[in-house]
Amino acid sequence: CPVNPAHAGKIGVDTRVVINNGLYYVCCPGCPENLANKPATFVKEMKDPVSGKKFKATAESPKMKHEGQTYVFANSETKAAFEKDPAKYAWVYKK
């Protein structure tokens, strides 16, 4: 679990979070909210959903929710491109 590594063996398929089109499985009901609200705390490197380039997320990285999923961006320009045409960049996972 990226939020609580001590519980890595207790990860369930029903407790997951989508960040930048990637699935992150967590251990308990409280972890999804923590991970979605503070992704830079728990995921050190991610791909920008628009540019596809890897970047190190920080607390100041632009982010937004779309269809219940979290998106974090390398800069405000890629966030603006996503907002203009989210269907082009977002993968919507069904539970």
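In the block above lies the structure referred to throughout.
A few points on the structure. Note that the coordinates shown come from a computational prediction; the quantities given were computed from them, not determined experimentally. (Residues numbered from 1 in each chain as written. Predicted model: local features only at pLDDT ≥ 70, side-chain atom pairs only at ≥ 80, totals over all residues. Heavy atoms only, no water.)

Along its length, the protein chain carries four helices and six strands. The order of helices and strands in the protein chain, counted from the N terminus, is β-β-α-α-β-β-β-β-α-α. Taking 2.2 N^0.38 as the reference for a compact globule, 95 residues should give roughly 12 Å; the C-alpha atoms of the protein chain span a radius of gyration of 13 Å, in line with that estimate. Expressed along its principal axes, the backbone C-alpha trace of the protein chain runs to roughly 40 × 25 × 20 Å. Burial status across the protein chain gives 38% buried among its 95 residues. Surface accessibility of the protein chain: about 5800 Å² in total, with carbon and sulfur atoms responsible for 53%. Distance from the positive charge centre (15 side chains) to the negative charge centre (9 side chains) of the protein chain: 5 Å. (Helix = DSSP H or I, 4+ residues; strand = E, 2+ residues; numbered from the N terminus. Rg over C-alpha atoms; globule rule 2.2 N^0.38 Å. Buried < 20%, exposed > 50% of the residue type's maximum accessible area, 1.4 Å probe, protein only. Areas by Shrake-Rupley, 256 points an atom, 1.4 Å probe, with all protein chains shown as cover. Lys, Arg positive; Asp, Glu negative; His and termini not counted. Charge placed at Lys NZ, Arg CZ, Asp CG, Glu CD.)

Positive phi outside glycine occurs at N20, with the angle close to 50°. With respect to the element layout, N20 can be found in the loop between β1 (16-19) and β2 (22-25). On the accessibility criterion, N20 (11% relative accessible area) is buried. With a phi angle near 50°, E67 is a residue other than glycine that sits in the positive phi range. Relative to the elements of secondary structure, E67 occurs in the loop between β5 (63-66) and β6 (69-72).

Turning our eyes to something else, we now look at the side chain of N21. Among the structural elements, N21 can be located in the loop between β1 and β2. Of the polar contacts made by the side chain of N21, one reaches the backbone oxygen of Y89; its length is 2.9 Å. If we ignore the near neighbours within four places in the chain, the residues touching N21 are P49, Y71, Y89, A90, W91 and Y93. (Polar contact = N/O pair within 3.5 Å; in protein donor to acceptor, adjacent residues only side chain to side chain. Contact = heavy atoms within 4.5 Å.)

Structurally, the position occupied by H66 is in strand β5. With residues up to four places along the chain from it excluded, the contact list for H66 reads Y71, F82, P86 and A90.

Counting through the fold element by element, V92 comes out in the segment after α4 (86-89). When its relative accessible area of 36% is taken as the criterion, V92 is described as partly exposed. Put simply, V92 and V18 are 74 residues apart on the chain and 8.9 Å apart in space, counted from C-alpha to C-alpha. The contacts of V92, once residues within four sequence positions are left out, are E67 and Q69.

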